[in-house]
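# Coordinate analysis (summary)
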Amino acid sequence: MATRTRRVGPRKSLFHSIYIVDSFKGLWITMKYLLFRKKVTIRYPEERRQYSARFRGLHYIKTTNGVENCTACMLCPTVCPADCIHIEAGERADKEKYPVRFDIDIMRCCFCGMCEEACPKDAIKLSGVYDMSAAKRTVYDKEFLLVQRGNK
Amino acid sequence: MDITILVISAIKVVVIFGAVFVCVPLMTWIERRGAGLMQLRLGPSRLGPLGLFQPIADGIKFLFKEDREPAHVEKFFYFIAPLVCFIAAALTFAVIPVAAPVNIAGRTISFQIADLNVGILYILAISSVGLYGIVMAGWSSNNKYAMIGALRSSAQMISYEIALGLSVIGVVMVFSSVVSSEIIAAQAGTLFSAGPFNFPRWGVFLQPIGFLIFVVAMFAETNRLPFDLPEGESEIVAGYHIEYGGLKWSMFFVAEYTSMISFSALAVTLFFGGWQLFPGMGRLVALAPGMWGAALLVVLQILSFTIKTAFFMWFFVWVRWTLPRFRYDQLMALGWKVLMPLAALNIAGTLVLIRTGVL
């Protein structure tokens, strides 16, 4: 039994069903794009996208006169939802508490920025640095975090 | 046989096919850059000035790829299929003249590899041989997608070869010759003048409908978008060359671009006066005296031919990134219900015009 077909929607005129004019319209559009439109490509290593100032990237620990602001209050490991901050507290000669070890397991970090919000001493910060791919699983230690990379 | 003829023929073969095969990598670069720019990207732009060395890098990559050979293929046909495609695509160029014949020391040198007395028929015959490459590839791959691609290809090529042949017949009737050099020679002169503009006696002005049919059929014959159903990346992965890789795949690739170049040259030969100069270009020749004028004429003719062919090659790319792929039934309907009757009507109309003495 032959299938009956039913046309749905408006019937096209002969002029439109030939497609020639529409094809040339299309050709004009592609040529217009080629010649006049601004290209959206960002040539990555040389050009970089402008991110918002609130961008949450690589962590760093802020320093004042070469001494880290952190007092090892343990607020950031407490608030961290990914449980990626590990701090060992110690005591300086002037009886001040400081982190002997400050490790961030960057593989676990979800860059939520809650550590930054919790910090009372403005010590742990998230910078705008985003290119931090690595060849192996990395734990950022204190020496690494004390380098002020792209801080804001 | 005169040894000089052999030497001249060998030089012609090397130069013309060399030029064609230099154009292929250039064409891939133009294709990729053009695609990029039309899609608001940049395309390959790293390697060399404007990314021009990208095809070289691609070629080196293909050369060093492992020559993989799937266990389930029909070996002999699997190996010769790319060759058949490639050779058929390249051979078309043999009868296309790139400049007018010149007399040097009493010897007429024609700027084409072979001036066959059945030039156009030869082109139609050879371009169908390319189909065998695709069918062989599809069948020998022993893969359902490849098979579907090959089947589509054979149906499509056979359908559109009719439209192509019929559109060419109109041109053959107007210029009353099937020899490519005679067709071009017949396109000399002015058809009509409109104010300051002289319209040359090119096939496109004598056979506008034939030209339209030819262009559409040309896309189908070269398996290019909007008629690239044999490949159909989105439906049948890559069609007939799905089981190919490395250098064998790149041969299909080169064959596709070579046939694009060949068909561009054919379109120019039939409809745009081949090596006939652009209107107004002839005045340049008068500036140079004697021998230099003749040499300049040849250079300008080759230049005209190249510019015209380059436009059509660009047109292939341009259309590819503009029009979406046709559905299979749409393709068949267009070929059989639109193009073939239109081509037949065109022939009838041309006949009437010739008999009444208009053309």
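Preceding block: the structure.
This report concerns the structure included in the present document. Everything numeric here is computed off the predicted structure, so don't read it as measured data.

### So, the side chain of Ser264(B)
Residue and element names in this part refer to chain B. Summarising the element assignment, Ser 264 is placed in helix α10 (residues 246-271). On the basis of relative accessibility, which here comes to 0%, the residue Ser 264 falls in the buried class. Sequence-distant contacts of Ser 264, defined by excluding residues within four places in its chain, comprise Thr 309, Phe 312, Met 313 and Phe 316.

### Section: the nonpolar core
Judged by nonpolar contacts, the single largest core of 71 residues is most densely connected at Phe93(B), Phe214(B) and Leu270(B). Looking at this core, the element that brings in the most residues is α10(B), giving ten residues. Those residues within four positions of Leu270(B) in sequence are excluded, and the remaining contacts are Ile120(B), Val168(B), Val171(B), Phe175(B), Ile183(B), Gln187(B), Gly203(B) and Phe214(B). Judged by nonpolar contacts, the second largest core, of 20 residues, contains Cys80(A), Ile87(A), Phe102(A) and Ile106(A).

### Here's the deal with the interface of chain B and chain A
In this assembly, 16 residues from chain B lie in contact with 17 residues from chain A. Counting every contact that joins chain B to chain A gives one salt bridge. With its nearest N and O atoms 3.0 Å apart, the salt bridge here joins Glu46(A) to Arg46(B). Run the count over chain B and chain A and you get seven residue pairs in polar contact (both at pLDDT 80 or more).

### Topic: the packing of helix α2 (residues 20-35) of chain A against helix α12 (residues 290-320) of chain B
The contact between α2(A) and α12(B) brings their axes to 9 Å, and the two run at 100 degrees. By the angle between their axes, α2(A) is roughly perpendicular relative to α12(B). Taken together, the residues of α12(B) that come into contact with α2(A) (itself represented by Leu27(A), Thr30(A), Met31(A) and Leu34(A)) are Trp314(B), Phe315(B), Trp318(B) and Val319(B). Grouping the amino acids of the contact of α2(A) with α12(B) by side-chain chemistry returns seven nonpolar, one polar and no charged.

What counts and how
Residues numbered from 1 in each chain as written. Chains lettered and ligands numbered in written order. Predicted model: local features only at pLDDT ≥ 70, side-chain atom pairs only at ≥ 80, totals over all residues. Heavy atoms only, no water. Helix = DSSP H or I, 4+ residues; strand = E, 2+ residues; numbered from the N terminus. Buried < 20%, exposed > 50% of the residue type's maximum accessible area, 1.4 Å probe, protein only. Contact = heavy atoms within 4.5 Å. Core = buried A, V, L, I, M, F, W, Y, C linked by side-chain atoms within 4.5 Å. Salt bridge = Lys/Arg side-chain N within 4 Å of Asp/Glu carboxyl O. Polar contact = N/O pair within 3.5 Å; in protein donor to acceptor, adjacent residues only side chain to side chain. Axes fitted to C-alpha atoms, helices over the stretch in contact; angles between N-to-C directions. Parallel < 35°, antiparallel > 145°, perpendicular 65-115°, else oblique. Nonpolar A, V, L, I, M, F, W, Y, C, P; charged D, E, K, R; others polar.

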